[in-house]
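Chain and residue survey
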Amino acid sequence: MKMNNQQKKIFTIDNHQHKQLNIDSSVLTPEQIGKELFLEIAANCLPEFIYDKKPIALSGGLLNYVWRLNGKEGSSPQSLIVKWAPPYIASSPEVPLDPDRIIFEAKAMSAFDSGGSLSNFMLDGVRLPVLFNFDPVNRILLMEDVCDCSDLSAWIEEEHTISETKQIGNKLGKFIGQLHSVTFENEEIAKQFNNKKIQKTRLEVLYKNVHNYAVKAGLKNSEDIGKIASEYGELLQKPGFVLIMGDLWLPSIFVMKQELRIIDWEMTHYGRPSQDIGHFTAHLWMYSHNAKSEIARSNARQILEEFLISYRSQLGARFSDVFGIEGVRESAIHLGSEILARTVGIFQNGFLYEGLDPFDPITQEATEFASAHILEPLKSHTFDALNWRQI
C-alpha cells in the first residue's frame, strides 16, 4: 500500500536528513515490502540508483528481514542493503520484539558518519556501513552494501597466517576499547542511546531463562546459576556508563582483506562494557570449542587472545574505571549465560551445537564451562589476557 505524497515526512537524525518511504509497511507482508521497496528507491530516496533486478532476500538475519538491491551499470551506489524491522523476531514470528530497535541502529550509523556526534571517532580500517536513508515510521533503512565478502564466522574457517588472524583481534579490540573509552560517562551519548526496551527483552529472553537451561543441562546448583544470571540481567536495566555495540558476534563482522565492517547495531545501548566483552568472548570460545575444523578453532583462539590484549591496551590507565575487576566478573556471567542459550537454549538451532543432546559430551563440556563462569566468575582464566589480576 502506497501513501499520499502529502503524508510523507522528512526526519533528521544526528544532523542527517532522511525521507519517509511511500509505503505503509504495517499492511504488507515481507514479500510485498520487498517488491514495493525496490520500485520506491529510485523514485524517492536515491535518484542516482537505478535498480536492475528484483530484491534478493538475504539469509542469516535472525531479527529482521534484509534484502540486497543491485543497480544497473553506472548506478550509484552499485548495490545497497535494505533492512526492515518487524514487531517480532523475523526468524521466530511468534516472539514479539520492539521494532524501535532499528532506530538505534540508524542512530549509530548517523553518529559515526561525517558530522555526527561520534564522527571524530576514527579507527583505520574499521567502520560501520554508510546510512543512505532511514524511515522511522516504517522501520526501514537503506545502507551501504559493504562487500561481497565473508563475515568472520566464515573467515575463520579458512587458513590464514598467524599475523593476519591476530590483526583481526587487534583491530576489534582497539575499536571496542576506543568505543567504551570515548563514550565513558558521556551524558549526551547516554540520552541518545537509551535503548531500554532491548535490555528488557534480553532480561526476559536470555537471563531469566538461564535457570531453565541449567536444569535442562543437568547442572548442579541450577538455582544459584539462574539467580546470579537474573541478578546480572536486572543490573543491566540500570543506567550504564559506556556505549556498547550490544551484539558483538562473528556474523556482525565482515572482513575485507584486513579491513573490517561492523553491522547490526540495533542492540546498541548506553550500558555496561561487560555485554560486549562477555558476548564476543563467549562466541569465540564456542568456535574454539566446537567449530568444524582445527583451523577455525585455532583462528578463534588467536583472535580472542589478541582482542582482549588490544582492548586492555586501548583503555590504558582508564581500565580500572571503565572495566576493572567488576567488568571481568560481569563478563564471565554474561559469557556463561550466552553459552547456555546457544548450547541447550533458545538460540541452539542454527548454531554450532545444533542437534546435540544436552547430555552429549561436547555439550556437557560447554555447559560445565558456562556454569563455572557464572558461579565463580573470578576463578576462571578466560579473561587473563586483560591482565586484570595486576590491578
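For the structure itself, look to the data block above.
Remember, predicted model here, so these are calculated numbers, not experimental data.

**Examining the sheet that holds strand β10 (residues 140-144)**
Strands belonging to one sheet form pairs held by backbone hydrogen bonds; the direction of such a pair is parallel or antiparallel. With antiparallel pairing, 5 strands are arranged side by side in an open sheet as β3-β4-β5-β10-β9. Strands with a single pairing partner mark the edges of an open sheet, and in this sheet they are β3 (56-57) and β9 (131-135). Direction of pairing for strand β5 (residues 79-84) relative to β10: antiparallel, over a ladder of 5 bridges. Within the sheet, the bridge partner assigned to W84 lies in β10 and is I140.

**Digging into the state of the cysteines**
Per the counting criterion, the structure on display carries 1 disulfide. The disulfide partner of C147 is C149, and the gap between their sulfur atoms is 1.5 Å. Assessed through its relative accessible area of 25%, C149 is described here as partly exposed.

**As for the packing of aromatic side chains**
Aromatic ring pairs are reported here in terms of the distance separating the ring centres and the angle at which the planes meet. Summed over the entire model, instances satisfying the criterion amount to 11 aromatic pairs. Between F184 and F241, the ring centres sit 6.0 Å apart and the planes meet at 90°, which makes this aromatic pair edge-to-face. With F184 in the loop between α4 (162-182) and α5 (187-192) and F241 in the loop between α8 (222-235) and β11 (242-244), this residue pair connects regions lying 57 residues apart in the sequence. F184 gets classed as buried once you look at its relative accessible area, which sits at 13%. Judged by centre distance (4.8 Å) and plane angle (75°), the ring pair of F280 and F307 falls under edge-to-face. Note that F280 is positioned in helix α9 (residues 274-290) and F307 in helix α10 (residues 294-315), a separation of 27 residues in sequence.

**What to know about the sheet that holds strand β12 (residues 253-256)**
With mixed pairing, the 3 strands of this open sheet are ordered in space as β8-β13-β12. Both outer strands of the open sheet, β8 (126-127) and β12, are each paired with one neighbouring strand and no more. Across 4 bridges, β12 lies against strand β13 (residues 259-262) in antiparallel orientation. Within β13, the position partnered with V255 by the bridge is L260. Packing of α4 onto the sheet brings it into contact with β8, β12 and β13, and relative to β13 it is tilted by some 45°.

**Considerations on the pattern of salt bridges**
Counting across every chain of the model gives 17 salt bridges. The residue D264 makes a salt bridge to K83 at a minimum N-O spacing of 2.6 Å. Of this pair, D264 sits in the loop between β13 and β14 (269-271) while K83 sits in strand β5; the two residues are 181 residues apart in sequence, bridging distant segments of the chain. With a relative accessible area of 21%, D264 lands in the partly exposed category. According to the relative accessible area criterion, K83 is buried, its value standing at 1%. Taken together, the shared-partner salt bridges connect K83, E105, D264 and E266 into one network.

**Thoughts on the pairing of β5**
Within a regular strand, side chains alternate between the sheet's two faces. Counting buried residues along β5, 6 of its 6 residues qualify, which places the element largely inside the surrounding structure. The two faces of β5 match: S79, I81 and K83 on one face and L80, V82 and W84 on the other face are all buried. Pairing of strand β4 (residues 65-70) with β5, which is carried by 6 bridges, proceeds in the antiparallel orientation. Of the residues in β5, the one forming a bridge with L69 is L80.

**A short note on unusual backbone geometry**
The residue after S76, namely P77, is reached through a cis peptide bond having omega 0°. Structurally, P77 is set in the loop between β4 and β5. A positive phi is found at N221, a non-glycine position, where the angle reads about 60°. Summarising the element assignment, N221 is placed in the loop between α7 (210-216) and α8. The residue N387 is not glycine, and still its phi comes out positive at about 55°. Relative to the helices and strands, N387 is located in the segment after α13 (361-375). A residue is classified by how much of its surface remains accessible, and N387, at 40% relative accessible area, is partly exposed.

**A few points about the packing of helix α12 (residues 324-343) against α13**
One can describe the packing of α12 onto α13 by two numbers: an axis separation of 7 Å at closest approach and a directional angle of 155°. Considering the angle they form, α12 stands roughly antiparallel to α13. When you trace α12 past α13, the crossing you get is left-handed. Every residue of α13 that contacts α12 at A332, I333, L335, G336, S337, I339, L340 and T343 is listed here: T363, A366, T367, F369, A370, H373 and I374.

**Quick notes on the nonpolar core**
Ranked by size, the top nonpolar core spans 91 residues in total, and within it L152 and F175 carry the most contacts. At 8 residues, the largest contribution of residues to this core is made by α10. Apart from the residues lying within four places of it in its own chain, the contact partners of F175 are F112, F121, L123, V126, L128, I262 and W265. I23, I33, L80 and L142 belong to the second largest nonpolar core, which has 17 residues in total.

Criteria and thresholds
- Residues numbered from 1 in each chain as written.
- Predicted model: local features only at pLDDT ≥ 70, side-chain atom pairs only at ≥ 80, totals over all residues.
- Heavy atoms only, no water.
- Pairing = 2+ DSSP bridges.
- Helix = DSSP H or I, 4+ residues; strand = E, 2+ residues; numbered from the N terminus.
- Disulfide = S-S within 2.5 Å.
- Buried < 20%, exposed > 50% of the residue type's maximum accessible area, 1.4 Å probe, protein only.
- Phe/Tyr/Trp six-rings, centres within 6.5 Å; stacked < 30°, edge-to-face > 60°.
- Contact = heavy atoms within 4.5 Å.
- Axes fitted to C-alpha atoms, helices over the stretch in contact; angles between N-to-C directions.
- Salt bridge = Lys/Arg side-chain N within 4 Å of Asp/Glu carboxyl O.
- Parallel < 35°, antiparallel > 145°, perpendicular 65-115°, else oblique.
- Left-handed = near helix turned anticlockwise from the far one by under 90°.
- Core = buried A, V, L, I, M, F, W, Y, C linked by side-chain atoms within 4.5 Å.

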